[in-house]
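Report on the structure
Here is what each chain is made of, one letter per residue.
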2 protein chains.
Amino acid sequence: MYSGAMDTRERLIESTMELLWERGYVATSPKAIQRRAQAGQGSMYHHFTGKHDLALEAIRRSAEQVCAVAESYFTASGSAYERISAYLTRERDVLRGCRIGRLTQDPDIMADPELRRPLDETFGWMRKRLTETIACGQEQNEFDSDFDPGEIAAAIAATVQGGYVLSKAAGSEGPFNDTIRGMLRLLGSLKT
Amino acid sequence: MYSGAMDTRERLIESTMELLWERGYVATSPKAIQRRAQAGQGSMYHHFTGKHDLALEAIRRSAEQVCAVAESYFTASGSAYERISAYLTRERDVLRGCRIGRLTQDPDIMADPELRRPLDETFGWMRKRLTETIACGQEQNEFDSDFDPGEIAAAIAATVQGGYVLSKAAGSEGPFNDTIRGMLRLLGSLKT
DNA sequence: GTCTATAATCGGATAGAC
DNA sequence: GTCTATCCGATTATAGAC
């Protein structure tokens, strides 16, 4: 039963999710997590074996969140192009970037198969769902049939991740928005 | 006059460039730099005021390198599509990713305007050169004229950066290659 | 479950000898 | 220019009291 206030374990997980998003794994210390969660050392080491264990839980949850948001667009009504377009143009906190994508640049995460696995699964899933959506558009003669939907799906997923990179470098949302507009124009040219 | 062996200052810079590429800024310690450069503490602090100073020099040099490589493709002979295609399909160490792009995920770099500036300049320059190349293709009637070359340029630059992200997450070069093939197919559809 | 104490190691640098 | 000694705070825990 939900008691209203978040319990300590939950606050630790959510604080870790935030810090991993903002700073990544190596740059996030247990102390910083405890401060944000308003929890003491003892609490953290009672609920989790250590930083690694807590981060694993936080990463898994972030991965689920990313997929759940995307899925809500892919399963919406409308043509394939419309669904992809709605996903690409959805409101985002552009300068924060992708909770999962940013972790691919963290050396300690890449060196640990357990921590990297949710990243692999997230983008594997994302490409699969985009591929299915595009293939669906091809079957319905919405799109030409002379291209590989998996390759276009990869380009779409990459565009989002790369758009974040360009925007972060610039310190502005402009490049991300340009990137998305460019990709939508390109996708439009695949229509029959 | 060039004496054959690299001097200590140079070894420090190149070691830092490598470590920033492999691990980023926060995860790279002065000690690790010294070990790789085969230089002592004293040497490092003689040639540079500290980690920040050394990293700034290393980042600037990496940025120049990235631009120099790209420029060699953009100024080559051939149609606009051919030049962009050659750039996109050039040999790369995919799983290492982009020396500059990866730094956009480093909290200490993003928090320091001096360290972030070369990132901004690199991608600003990259988008500008891609835009010029595409606009050139439009003027020559190689491409349609009904799209914004700056937006397509952003999508191309983002595709490369995002392709690295997908490949790192997967631990395989496959996603990057799919991404590039997808983008080339999309660019092909802009041809007249 | 949470608290405080303790600790080994690392990070990033300074100082002064040579 | 390079070396060694030294410093102080942060990191990532463990131990045991409450």
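Each chain carries its own residue numbering, running from 1 in the written order of its sequence. Going through the entries in the order they are written, you letter the chains from A and number the ligands from 1. For this predicted model, a pLDDT threshold of at least 70 governs which residues receive local features, and a threshold of 80 or more governs which side-chain atom pairs are given and counted, while totals over whole chains, interfaces and linings are taken from all residues. Only heavy atoms go into the side-chain values, all of them from the structure, while hydrogens and water stay out.

**Some details on the protein's contact with DNA strand D**
- Looking at DNA strand D, the residues that line it are Thr 28, Ser 29, Pro 30, Gln 41, Tyr 45 and Lys 51 of chain A together with Thr 8, Gly 40, Gly 42, Ser 43, His 46 and His 47 of chain B.
- Near residues are defined by distance, with any heavy atom within 4 Å of the molecule or strand qualifying the residue. Counting only atoms of DNA strand D within 4 Å of the protein, the sugar-phosphate share comes to 71%.
- Between a base nitrogen of DNA strand D and a side-chain N or O atom of Gln 41 of chain A, the distance comes to 2.9 Å.
- For this analysis, a polar contact is any N or O atom pair within 3.5 Å, provided that within protein one partner can donate a hydrogen and the other can accept it, and provided that sequence-adjacent residues contribute only side-chain to side-chain pairs. Gly 40 of chain B places a main-chain nitrogen or oxygen 3.2 Å from a phosphate oxygen of DNA strand D.
- In this count, Pro and Cys sit with the nonpolar residues alongside Ala, Val, Leu, Ile, Met, Phe, Trp and Tyr, while Asp, Glu, Lys and Arg are called charged and the others, Gly among them, polar. Here the residues of the surface near DNA strand D sort into two nonpolar, nine polar and one charged.

**Observations regarding the protein's contact with DNA strand C**
- The environment of DNA strand C is made up of 13 residues, and the closest members are Thr 8 and His 47 of chain A together with Pro 30, Gln 41 and Lys 51 of chain B.
- A breakdown of the atoms of DNA strand C within 4 Å of the protein gives sugar and phosphate a share of 65%.
- One of the side-chain N or O atoms of Thr 8 of chain A is found 2.9 Å from a phosphate oxygen in DNA strand C.
- Gly 40 of chain A places a main-chain nitrogen or oxygen 3.2 Å from a phosphate oxygen of DNA strand C.
- Within the residue set of the surface near DNA strand C, elements represented by two or more residues are helix H3 (41–47) of chain A together with helix H3 (41–47) of chain B.
- Here the element with the most residues in the surface near DNA strand C is H3 of chain A; it accounts for four residues. We count a stretch as a helix when DSSP gives it H or I for four or more residues in a row; a strand needs E for two or more, and each element gets its number in order from the N terminus.

**Regarding the interface of chain B and chain A**
- Opposite the 46 residues of chain B that make contact, chain A presents 46 residues.
- Once two parts are put together, the accessible area they lose, assessed with a 1.4 Å probe and summed over both, is termed the buried area. Counting each side, the surface lost to burial between chain B and chain A is near 3,800 Å², with a carbon and sulfur contribution of 64%.
- For chain B, the biggest contributors to the area lost against chain A are Gln 105, Arg 185 and Leu 186 of chain B; these three give 18% of the whole.
- When a carboxyl oxygen of Asp or Glu lies within 4 Å of a side-chain nitrogen of Lys or Arg, that pair is called a salt bridge. Its salt-bridge partner being Asp 146 of chain A, residue Arg 185 of chain B comes within 2.7 Å of it at the nearest N-O pair.
- For the interface between chain B and chain A, the tally reads 13 residue pairs in polar contact (both at pLDDT 80 or more).
- Tallied by class, residues from the side of chain B that touches chain A come to 21 nonpolar, eleven polar and 14 charged. Residue contacts follow a heavy-atom distance rule, with two residues in contact if any of their heavy atoms lie within 4.5 Å.

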